[in-house]
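The lines below spell out each chain.
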Protein chains: 2
Amino acid sequence: MTDLQQDQEAAYALEGAAARGRFVLCCEHASNHFPARWGDLGLDAPARSAHIAWDPGALGLARALAARLEAALIHATASRLIYDLNRPPQSPGAMPARSEIYDVPGNRAITPEARLARTEALYLPYHAAVSAEIARRLALGLRPVLVTVHSFTPVYFGRPRAVELGVIHDADPALATAFLEEVRARTSLDARLNEPYSAADEVTHALALHATPMGIANVMIELRNDLIATAAQQEAMADQLAPALTAALARLAETEEAA
Amino acid sequence: MTDLQQDQEAAYALEGAAARGRFVLCCEHASNHFPARWGDLGLDAPARSAHIAWDPGALGLARALAARLEAALIHATASRLIYDLNRPPQSPGAMPARSEIYDVPGNRAITPEARLARTEALYLPYHAAVSAEIARRLALGLRPVLVTVHSFTPVYFGRPRAVELGVIHDADPALATAFLEEVRARTSLDARLNEPYSAADEVTHALALHATPMGIANVMIELRNDLIATAAQQEAMADQLAPALTAALARLAETEEAA
């Protein structure tokens, strides 16, 4: 095995490739692992476990959703501070020198060559894997839809956030709006459209790469991370959200048939 | 070397990877080669050399442009009838059973497994290569822009076409409109916006995959193939179009600086 292949294997994990449900789940900020190749970016252990390094609870929630939806799941295996897979390579946010209230010393004076190395080792293999999973399912007639699973911090720049579930869309809002209506009908979650982030904040890069050009339904879901901190919370949240996703997709199918 | 790697190498060619101009050129319909793996799809030699199998002259023009623009060039190495790289895998046009006035017997009763095999062998490696070339250049700060180079038949369903140069855009029309103005000021070509095809005809898939989500300037150019049939015509056309592309890009840069 070459070094390049090792890098590619390290950049992502694919679970449920044989699953035949329509949902493909992605989790760009699944991990706060700092592989030895990239070092710790000068961050201490508390910073490396904070929300700036990953989306706490997102991977557990994504796995719990995948089990209920018979979904494939692709997730990152390294911290977003090494490369934020939900940003294109030229974005300052791809390798941020500062994230919320934290400095990231290892990203402060990053060279073009280092940006290239991280892009090739992390961004390209992750997104090639997502592209391949979606293209394969499209070729087979499985009509995939894409859901990206994220979490956000309950306190941001010192201010508490009331929103519990953010439902965010890229160019096509159909699945997002249907899902939001199902969530509001079925749960007591404080769910809001395009909060606490929206496409204007660059957070729909994965949707824009993999769903919009393929013409497939898609939505990004953002959970406040205090609601999915434990495995039990993640399972309970998936029990609420999986039926809402299924119902939202069914509603889209009805609209398509009526059109 | 594995079979998969052989397939991937066969799916595209990259020329000028070391070129450091801003333009990245793509040519999805460069070839009318039918690799032995896929057979001739039941087509006779005249059909395999007709415009349904490829865009005659497009690769020669793209190479002539690349030389003048210090551009990288990625092009297909197999006929579009095996897989039309400018279409997503679920599109009937990706492996068309009929193209203009020709039946394509080998695509008539294509199975999901065969669609998957062509998608994995042709679509995925070609587009992974384009993604990688653009991402690498973005990481290095080279500010790439994407131009896809195509040709169209002078007679379509028996009707002659007057348009000589089609300038087609995806979501962002900036480079297309600037290029069209430069062409009209500099040449006597009958150049038109979004003719003979437009995004509504699915022809901007490559732009939608590789330029729109990255926020980079892009345009598709379509030449009537009787104008670029010979090497001499391709060189002469590149002499006209390369300065117009350069001037259009410079005009965009002025707009960005003024903003």
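As the structure is a computational prediction, the values presented were derived from the model and not from experiment.

Rules used throughout
Along each chain, residues carry numbers from 1 onward, in the same order as the chain's sequence is written. Lettering for chains starts from A, numbering for ligands starts from 1, and both go in the order in which the items are written. Totals for whole chains, interfaces and linings use every residue, but because this is a predicted model, local features are given only for residues with pLDDT of at least 70 and side-chain atom pairs only at 80 or more, for both listing and counting. In this text, helices come from DSSP runs of H or I with a minimum length of four residues, and strands from runs of E with a minimum of two, each type numbered from the N-terminal end. Atoms considered for the radius of gyration are the C-alpha atoms alone. The globule rule reads 2.2 Å times the number of residues to the power 0.38. To assign burial, the other C-beta atoms lying within 10 Å of each residue's own C-beta are counted, with C-beta atoms placed from the backbone; 20 or more indicates buried, 12 or fewer indicates exposed, and intermediate counts indicate partly exposed. By the criterion used throughout, residues are in contact when their C-beta atoms, derived from the backbone, lie within 7 Å. Polarity classes work like this: nonpolar for Ala, Val, Leu, Ile, Met, Phe, Trp, Tyr, Cys and Pro, charged for Asp, Glu, Lys and Arg, and polar for all others, with Gly in that last group. The least-squares superposition of copies is restricted to C-alpha atoms, and to residues with a pLDDT of at least 70 in both copies. Note on definitions: a nonpolar core is a set of buried residues drawn from Ala, Val, Leu, Ile, Met, Phe, Trp, Tyr and Cys, linked by C-beta atoms within 7 Å. Strand pairing follows a simple DSSP-based rule, namely that at least 2 bridges must link the two strands. Here, axes are lines fitted to C-alpha atoms. For helices the fit covers the stretch in contact, and angles between N-to-C directions go from 0 to 180 degrees. Note that the bend at a residue is defined as the angle between axes fitted to the seven residues ending at it and the seven residues starting at it. In this scheme, a helix's expected span is set at 1.5 Å multiplied by one less than its residue total. A residue's pLDDT is the confidence the predictor assigns to it, expressed on a 0 to 100 scale.

1. Remarks on the overall build of chain A
Right, on to step 1. A count of helices and strands for chain A gives seven helices and eleven strands.
Right, on to step 2. Computed over its C-alpha atoms, the radius of gyration of chain A comes to 18 Å, within 12% of the 18 Å expected for a compact globule of 259 residues.
Right, on to step 3. Seen through its C-alpha atoms, chain A measures out along the principal axes to roughly 55 × 45 × 30 Å.
Right, on to step 4. Considering chain A as a whole, with its 259 residues, one finds that 51% of them fall into the buried category.
Right, on to step 5. In chain A, the proportion of contacts linking residues at least 24 apart, taken out of those at least 6 apart, comes to 82%.

2. Focus: the interface of chain B and chain A
Right, on to step 1. Chain B puts 26 residues into the contact, and the matching count from chain A is 26 residues.
Right, on to step 2. At the level of secondary structure, the elements contributing two or more residues to the side of chain B that touches chain A comprise helix 4 (112–139) and helix 6 (205–210) of chain B.
Right, on to step 3. Broken down by element, the side of chain B that touches chain A gets its largest block of residues, 15 residues, from helix 4 of chain B.
Right, on to step 4. Classifying every residue of the side of chain B that touches chain A by side-chain character gives 16 nonpolar, seven polar and three charged.

3. Focus: the relation of the copies chain B and chain A
Right, on to step 1. Turning chain B through 180° and shifting it by 0.0 Å along the axis lays it on chain A, with an RMSD of 0.0 Å. Read as a symmetry element, the transformation amounts to a two-fold axis.
Right, on to step 2. When you check the interface residues of chain B against chain A, 100% turn up at the interface there too, and the contact is symmetric in its surfaces.

4. Describing the nonpolar core
One broad trend across soluble globular proteins is that nonpolar side chains are buried collectively.
Right, on to step 1. Judged by nonpolar contacts, the single largest core of 159 residues is most densely connected at Leu 25, Leu 65 and Phe 179 of chain A together with Leu 25, Leu 65 and Phe 179 of chain B.
Right, on to step 2. Per-element tally for this core: the top contributor is helix 4 of chain B, with eleven residues.
Right, on to step 3. Look past the residues within four positions of Leu 65 of chain A in its chain and what remains in contact with it is Leu 25, Ala 71, Val 149, Ala 238, Leu 241 and Ala 242 of chain A.

5. Re the pairing of strand 9 (residues 165–168) of chain A
Regular strands have side chains that alternate between both faces of the sheet.
All names here are of chain A.
Right, on to step 1. Burial along strand 9 is two-sided: the residues Leu 165 and Val 167 and Gly 166 and Ile 168 are all buried.
Right, on to step 2. Relative to strand 11 (residues 218–224), strand 9 runs antiparallel, the two sharing four bridges. Counterpart to Leu 165 in the pairing with strand 11 is Leu 223.

6. Overview of the sheet that holds strand 2 (residues 23–27) of chain A
All names here are of chain A.
Right, on to step 1. Pairing within the open sheet is mixed, and its seven strands lie in the order 1-3-2-6-11-9-10. Since the sheet does not close on itself, it has two edges, and those belong to strand 1 (12–15) and strand 10 (191–193), each with one partner. With strand direction ignored, the average angle separating the axes of adjacent strands in the sheet is 20°.
Right, on to step 2. With seven bridges connecting them, strand 6 (residues 145–152) and strand 11 associate as parallel partners. When the bridges of strand 11 are listed, Thr 148 appears paired with Met 220.
Right, on to step 3. Each of strand 1, strand 2, strand 3 (72–76), strand 6 and strand 11 touches helix 3 (residues 58–69); the most contacted strand, strand 2, lies at about 170° to it.

7. A look at helix 4 of chain B
A turn of α-helix holds 3.6 residues, and therefore any two residues three or four places apart point the same way.
Right, on to step 1. Most pronounced at Thr 119 of chain B, the bend in helix 4 of chain B amounts to some 40°.
Right, on to step 2. Gly 141 of chain B sits one or two residues past helix 4 of chain B and shows a positive phi near 80°.

8. Considering helix 5 (residues 174–186) of chain A
Right, on to step 1. Between its first and last C-alpha atoms helix 5 of chain A spans 18 Å; for 13 residues at 1.5 Å apiece the expected length is 18 Å, and the two agree.
Right, on to step 2. Among all positions of helix 5 of chain A, only Leu 175, Ala 176, Ala 178, Phe 179, Leu 180, Glu 182 and Val 183 of chain A are buried.

9. Quick look at the environment of Asn 194 of chain B
Right, on to step 1. As for its placement among the helices and strands, Asn 194 of chain B is situated in the loop between strand 10 (191–193) and helix 6.
Right, on to step 2. Taking the C-alpha atoms as reference points, Asn 194 of chain B and Met 220 of chain B, 26 residues apart in sequence, are found 9.2 Å from one another.

10. Quick look at the confidence of the model for chain A
Residues and elements named next belong to chain A.
Right, on to step 1. When the pLDDT values of chain A are averaged, the result is 94; 95% of them are 70 or greater.
Right, on to step 2. Scored below 50 in pLDDT, residues 1–9 shows three contacts in the model against residues more than four places distant or in partner chains.
Right, on to step 3. The ipTM, which scores confidence in the relative placement of chains, is 0.93 for this predicted complex, and the corresponding pTM is 0.94.

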